[in-house]
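Letter by letter, the chains look like this.
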Amino acid sequence: MSESIQSLLESVSKENRSFPPTPEFAEKARVRSMEEYEAEYQRSIDDPEAYWAEIASELHWFKPWDRVLNEDEKPFFKWFEGGKTNLAYNCIDRHIENGDRNKAALIWEGEPGDSRVLTYFDLYREVNQFANALKKLGVGKGDRVALYLPMIPELAIATLACARIGAVHTVIFAGFSSNSIRDRVLDCGARCVITADGGWRRGQILNLKSIVDEAVEGVDCIQEVIVVKRGHGDPFPCRIKEGRDHWYHRIVQDQSIHCEPEQLDSEDMLFLLYTSGTTGKPKGIIHTVGGYMVYAYQTTKVVFDMRKEDVYWCTADIGWITGHSYILYGPLQNAASVVMYEGAPNSPDNGRFWDIVEKYGVTIFYTAPTAIRAFMKWGEKWPNAKDLSSLRLLGTVGEPINPEAWIWYHKVIGADRCPIVDTWWQTETGGILLSPLPGATPTKPGSATLPLFGIDAAVLDDEGNEQKAGILAIRKPWPGILRGIYGDPQRFKDTYWCKWNGEYYFPGDGARTDEDDYFWILGRVDDVVNVSGHRIGTAELESVFIEHPSVAESAVIGVAHEIKGQGLVAFITVRENATADEKLEKELKDLVIKSIGKFAVPEKLIFSGDLPKTRSGKIMRRLLRDIAEGKALGNVTTLADPSVVETLRKKYQEQ
Ligand code: WT7
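Residues numbered from 1 in each chain as written. Predicted model: local features only at pLDDT ≥ 70, side-chain atom pairs only at ≥ 80, totals over all residues. Heavy atoms only, no water.

- Under an unreviewed UniProt entry, the protein chain has the name Acetyl-coenzyme A synthetase and belongs to Puniceicoccus vermicola.
- UniProt, in the comment section headed Sequence similarities (unreviewed entry), describes the protein chain in these words: "Belongs to the ATP-dependent AMP-binding enzyme family."
- Note on the protein chain: under the UniProt heading Catalytic activity (unreviewed entry), the record states "acetate + ATP + CoA = acetyl-CoA + AMP + diphosphate". (UniProt positions renumbered as here; feature names shortened; annotations may be inferred.)

In structure tokens:
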């Protein structure tokens, strides 16, 4: 067993409690028992093509596919080849035709307390008008469009408008810096950025437009910047660059409310989403229209047991994959009413989320363990002060959930009545792969339980033998799997298909299975750290520090953190003529904010004379982790200079 798996395993407690679904829930559920789950699962594994064809035919296709799965150029899989469809059409028009024209589609709550409800027909009009405005500017099929917006309705509208005309959207989370925007825009050659002149966060307005101005300065591929009016000119007057910048409200006002949906090939690109990996450069994950559409639709339907009567709230930001698949594309395809909230959970006070649940009668609530731990810390009095009786199902995503947080969520938010779905997946997987089905699977706190339909998961060692604890692997391709890394097919193969002779997809997570074959995710086995559910590559941060003239070398590690799941610690050695002082620390933190964003600033910066290295010069991160977590130190005999560790440990304790 590899060292990293061993240390991940040590951090997981033995948890045996089991919570079967209540009979009341199971009775009405889409999948009502383990027998039903097992039968459908077996069918999906025995004949995946028949299974996925059946699911896909519940959606609208302009032209049916010729072939369900083409594996000829593995790992470049193709799903529903020859089929023509449109995801925005399936999210909106299909429901209008079914008589749900005036049913609430988006229920939006702004941080300052303003709100807007858009019915499916409102969404139809707004999406089409903006789609027509984009077309008028010359944006069309295949063009890349970057979105850098707060969580306002226009973010949903613009994303869907891109999908309608076949433009490839790349949503950039509004916490990223101008340098990060620039990197992404250049990597994909975006021609257009959509932003806003403001966005609310904890009572403050963020000046997104000026961050975009800085990002696209001198970037030739950018032809248009579209600006949504959300601020009020105060404190940031918005500068409009003639010829390049357009106010959103002006360009949509005279547009027709109808826009023919582009008939897209299944394998046309739908979107790019950048995520961190093991090297310094984020990768543009490619998802295509047909397979992603079917997978988001089906997983939402079964995991969240979703009906059109549901008022569903996922607290993620659309800037992450969770927001793509489970705020927009999955729930809208299922005709749900989707709550979208602009701001922070503690604005104006710690009860804001529960206000929203009560106000809109939310039935399904999906959030992250880091948020649950923050709620626990704030105390029961906040949720207890509100009527949460509308809730029927709870979900969690983004990182392993500790049993203590799970139990609190179940009791305090779910009143011991709502099932909890712990959903494991990734940007690359497009949708959920491991999760309980709420009406069938007995849940265990901390376990993502079992694979969904069509997912053939295993825990393997480096050689590909099945193990009780090891590395998570997925054998068969599923429709939502990433199709590549933008502009870098080699990296795609090297990252995901190098292990086990390309027979399995390698997600980069450690896992174990228990006596019921339940999966327990242990955390990343690569150099990716999960801070509050945000993925940060240690190499990415290290390359930021190295840019500073005073820094000689750095090593960044993830350490256990009470609220965030993992926190970042950076060990830094400075050049001979430089001084390691508070001024340098501040400069380095500012550099991270400028290069990536505030959320990537390490908890601790430790200046040290040297770093523990092997005789061949490799930094021993495991020892750095032991030091940071105050653990007994493992084997140090392979170190070039064993005294380095003792010095570092003293230094760490002093901080
Ligand atoms: C990584 C993917 C998938 C949406 C949010 C994050 C970790 C995700 C769980 C879970 C344990 C989880 C994994 C994974 N992760 N969900 N339920 N239990 N770990 O997407 O940024 O692509 O990160 O998040 O380590 O590899 P992402």
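1. Side note on the overall build of the protein chain
So, step 1. Check the secondary structure of the protein chain and you find 22 helices and 30 strands.
So, step 2. The C-alpha radius of gyration of the protein chain comes to 24 Å, within 12% of the 26 Å expected for a compact globule of 655 residues.
So, step 3. Across its three principal directions, the C-alpha atoms of the protein chain cover 75 × 65 × 60 Å.
So, step 4. For the protein chain, the residues scored as buried account for 62% of the 655 residues in total.
So, step 5. Of the roughly 24900 Å² that the protein chain leaves accessible, carbon and sulfur atoms contribute 48%. (Helix = DSSP H or I, 4+ residues; strand = E, 2+ residues; numbered from the N terminus. Rg over C-alpha atoms; globule rule 2.2 N^0.38 Å. Buried < 20%, exposed > 50% of the residue type's maximum accessible area, 1.4 Å probe, protein only. Areas by Shrake-Rupley, 256 points an atom, 1.4 Å probe, with all protein chains shown as cover.)

2. Quick look at the site of the ligand
So, step 1. By nearness alone, 17 residues border the ligand, and T423, T427, D509, R524 and R535 come closest of all.
So, step 2. Note that an oxygen atom of the ligand is positioned 2.6 Å from one of the side-chain N or O atoms of T427.
So, step 3. Contact distances for the ligand include 2.7 Å between an oxygen atom and a side-chain N or O atom of D509.
So, step 4. Counting residues per element, the ones that place at least two in the shell around the ligand are α13 (321-333), β20 (420-423) and β25 (519-524). (Near = heavy atom within 4 Å. Polar contact = N/O pair within 3.5 Å; in protein donor to acceptor, adjacent residues only side chain to side chain.)

3. Let's talk about a negative patch on the surface
So, step 1. A contiguous patch of negative charge, built from D46, D47, E49 and E71, is present on the exposed surface.
So, step 2. By secondary structure assignment, the location of E71 is in the loop between β1 (67-70) and β2 (78-81).
So, step 3. Given the relative accessible area of 38%, E71 is considered partly exposed. (Patch = residues over 30% accessible without salt bridge, like charges linked within 9 Å, V, L, I, M, F, W, Y side chains within 5 Å. Salt bridge = Lys/Arg side-chain N within 4 Å of Asp/Glu carboxyl O. Lys, Arg positive; Asp, Glu negative; His and termini not counted. Charge placed at Lys NZ, Arg CZ, Asp CG, Glu CD.)

4. Quick word on the packing of aromatic side chains
So, step 1. In the structure shown here, the tally under the stated rule is 46 aromatic pairs.
So, step 2. With a centroid separation of 4.9 Å and 70° between ring planes, the pair formed by W61 and W65 is classed as edge-to-face. No difference in accessibility class separates W61 from W65, as the two residues are buried.
So, step 3. Between F271 and Y292, the aromatic rings sit 5.0 Å apart at their centres with planes inclined by 85°, giving edge-to-face as the arrangement. Residue F271 is located in strand β14 (residues 269-275), and its partner Y292 is located in helix α12 (residues 289-303); the two are separated by 21 residues in the primary sequence.
So, step 4. The class of Y292 is buried, set by a relative accessible area of 2%.
So, step 5. Ring pairing ties together the aromatic residues F76, F77, W478, F492, Y496, W497 and Y505, which thus form one cluster.
So, step 6. Sitting over the face of the ring of F121, R101 holds its NZ or CZ atom 4.8 Å from the ring centroid. (Phe/Tyr/Trp six-rings, centres within 6.5 Å; stacked < 30°, edge-to-face > 60°. Lys NZ or Arg CZ within 6 Å of the ring centre and 35° of its normal.)

5. Quick word on the sheet that holds strand β16 (residues 311-314)
So, step 1. Pairing in this open sheet of seven strands is mixed, and the strands run β5-β4-β17-β16-β18-β19-β20 from one edge to the other. Edge positions in the sheet fall to β5 (115-119) and β20, since each has one partner strand and no second. Each adjacent strand pair in this sheet contributes to an overall mean axis angle of 15°, direction not counted.
So, step 2. Sheet topology places β16 next to strand β17 (residues 337-341); three bridges connect them, and they run parallel. Its bridge partner lying in β17, V311 is registered against S337.
So, step 3. The sheet contacts of helix α8 (residues 153-165) involve β4 (104-109), β5 and β17, and relative to β5 the element is tilted by about 30°. (Pairing = 2+ DSSP bridges. Axes fitted to C-alpha atoms, helices over the stretch in contact; angles between N-to-C directions. Contact = heavy atoms within 4.5 Å.)

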